[in-house]
Amino acid sequence: MLGRKLLAEFIGTALLLATVVGSGIMGVMLSPANAGVALLANAGATAAALYVLIVLFGPISGAHFNPVVTLAMWLRRELSTREALAYVLVQLVAAIAGVLLAHAMFDLPLLQPGTHVRNGAAQWLSEGVAAFGLLLAILLGLRHRPAAVPALVASYIFAAYWFTASTSFANPAVTLARSLTRTFAGIRPADVCGFVLAQMAGAFAAVLVAAKLDGGMDD
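Calculation rules
- Residues numbered from 1 in each chain as written.
- Predicted model: local features only at pLDDT ≥ 70, side-chain atom pairs only at ≥ 80, totals over all residues.
- Heavy atoms only, no water.
- Helix = DSSP H or I, 4+ residues; strand = E, 2+ residues; numbered from the N terminus.
- Rg over C-alpha atoms; globule rule 2.2 N^0.38 Å.
- Buried < 20%, exposed > 50% of the residue type's maximum accessible area, 1.4 Å probe, protein only.
- Areas by Shrake-Rupley, 256 points an atom, 1.4 Å probe, with all protein chains shown as cover.
- Lys, Arg positive; Asp, Glu negative; His and termini not counted.
- Charge placed at Lys NZ, Arg CZ, Asp CG, Glu CD.
- Salt bridge = Lys/Arg side-chain N within 4 Å of Asp/Glu carboxyl O.
- Axes fitted to C-alpha atoms, helices over the stretch in contact; angles between N-to-C directions.
- Parallel < 35°, antiparallel > 145°, perpendicular 65-115°, else oblique.
- Contact = heavy atoms within 4.5 Å.
- Nonpolar A, V, L, I, M, F, W, Y, C, P; charged D, E, K, R; others polar.
- Patch = residues over 30% accessible without salt bridge, like charges linked within 9 Å, V, L, I, M, F, W, Y side chains within 5 Å.
- Core = buried A, V, L, I, M, F, W, Y, C linked by side-chain atoms within 4.5 Å.

**Some remarks on the overall build of the protein**
The number of helices and strands found in the protein is 8 helices and 0 strands. The N-to-C order of helical and strand elements in the protein reads α-α-α-α-α-α-α-α. Taking 2.2 N^0.38 as the reference for a compact globule, 219 residues should give roughly 17 Å; the C-alpha atoms of the protein span a radius of gyration of 16 Å, in line with that estimate. If one aligns the C-alpha atoms of the protein with their principal axes, the spans along those axes are about 55 × 40 × 30 Å. Within the span of the protein, comprising 219 residues, buried residues form 52% of the whole. Taken as a whole, the protein presents about 10000 Å² of accessible surface, with 71% of it coming from carbon and sulfur. Across the protein, the centroid of the 12 positively charged side chains sits 3 Å from that of the 9 negatively charged ones.

**Describing the pattern of salt bridges**
As a working rule, side chains carrying opposite charge can pair if their charged atoms are close by. According to the stated counting rule, one finds 4 salt bridges in the structure shown. Of the charged contacts in the structure, one is a salt bridge between R76 and E78, with a shortest N-O distance of 3.3 Å.

**Some words on the packing of helix 3 (residues 67–75) against helix 4 (residues 81–105)**
Two packed helices can be described by the angle between their axes and the distance between those axes. At a closest axis distance of 9 Å, the pairing of helix 3 and helix 4 adopts a crossing angle of 175°. On the basis of the axis angle, helix 3 is roughly antiparallel to helix 4. Where helix 3 approaches helix 4, its residues P67, T70 and W74 are matched on the opposing element by T81, A84, Y87, V88 and Q91. Here the contact of helix 3 with helix 4 is composed, by residue class, of 5 nonpolar, 3 polar and no charged.

**Regarding a nonpolar patch on the surface**
Among the surface-exposed residues, L7, F10, I11, L15, L89, V93, L101 and M105 lie close enough to one another that they form a single nonpolar patch of about 700 Å² accessible area. On the accessibility criterion, L101 (37% relative accessible area) is partly exposed.

**Considering the nonpolar core**
Formed by 50 residues in total, the largest nonpolar core has its most connected members in L16, L17, F65, L134, L135, V153 and I157. Broken down by secondary-structure element, the contributors of at least two residues to this core are helix 1 (2–30), helix 2 (35–61), helix 3, helix 4, helix 5 (121–144), helix 6 (149–163), helix 7 (172–178) and helix 8 (192–213). Top contributing element to this core by residue count: helix 1, with 8 residues. Each residue touching L135, except ones within four places of it in the same chain, is listed here: V68, V69, A72, A203 and A206.

What follows is the structure in structure tokens.
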């Protein structure tokens, strides 16, 4: 049973990263002088892929594809510690595999440490907000509109690409993997830690707020 879940997490996470990086590459290739069009293509492709992947793999693994989602489910005691650790390990490996796959599809060097500077308080705040909103969409969606969760997540991520200064990574596995590309979606390895800490802070805040809104905490 756990093996099936981990396979679903691996495939889903890898395809998500291939979409994020690959659509960024294609966007720049087709609109080399227009970053807005490239970002629109990147956001649209990512949102579309998320919807499909969550619909396909949600019934199998929950379609986390994201260590902070797995952390939230562990905190809510919906996953055992063993399951949560296995999920996170698979997500990290799969995310890197997805970046390598995108590079291979566009005939680029497989390993290329990122050079895109993404640092500073505004970027960290953006990542905290991105992760907070994503987790709220998932946790409250699962409680009140479970069938709508794929659309909720896809819609939120599409919007967050545009309203956050960081373009909404909102995912530690995604952040780590994107430090291995110099393409449009990349991030410097030195900037990964700040992003991940902000994402975790946003996720913790979302778990607390969702519990309060659901009446799971005393007034």
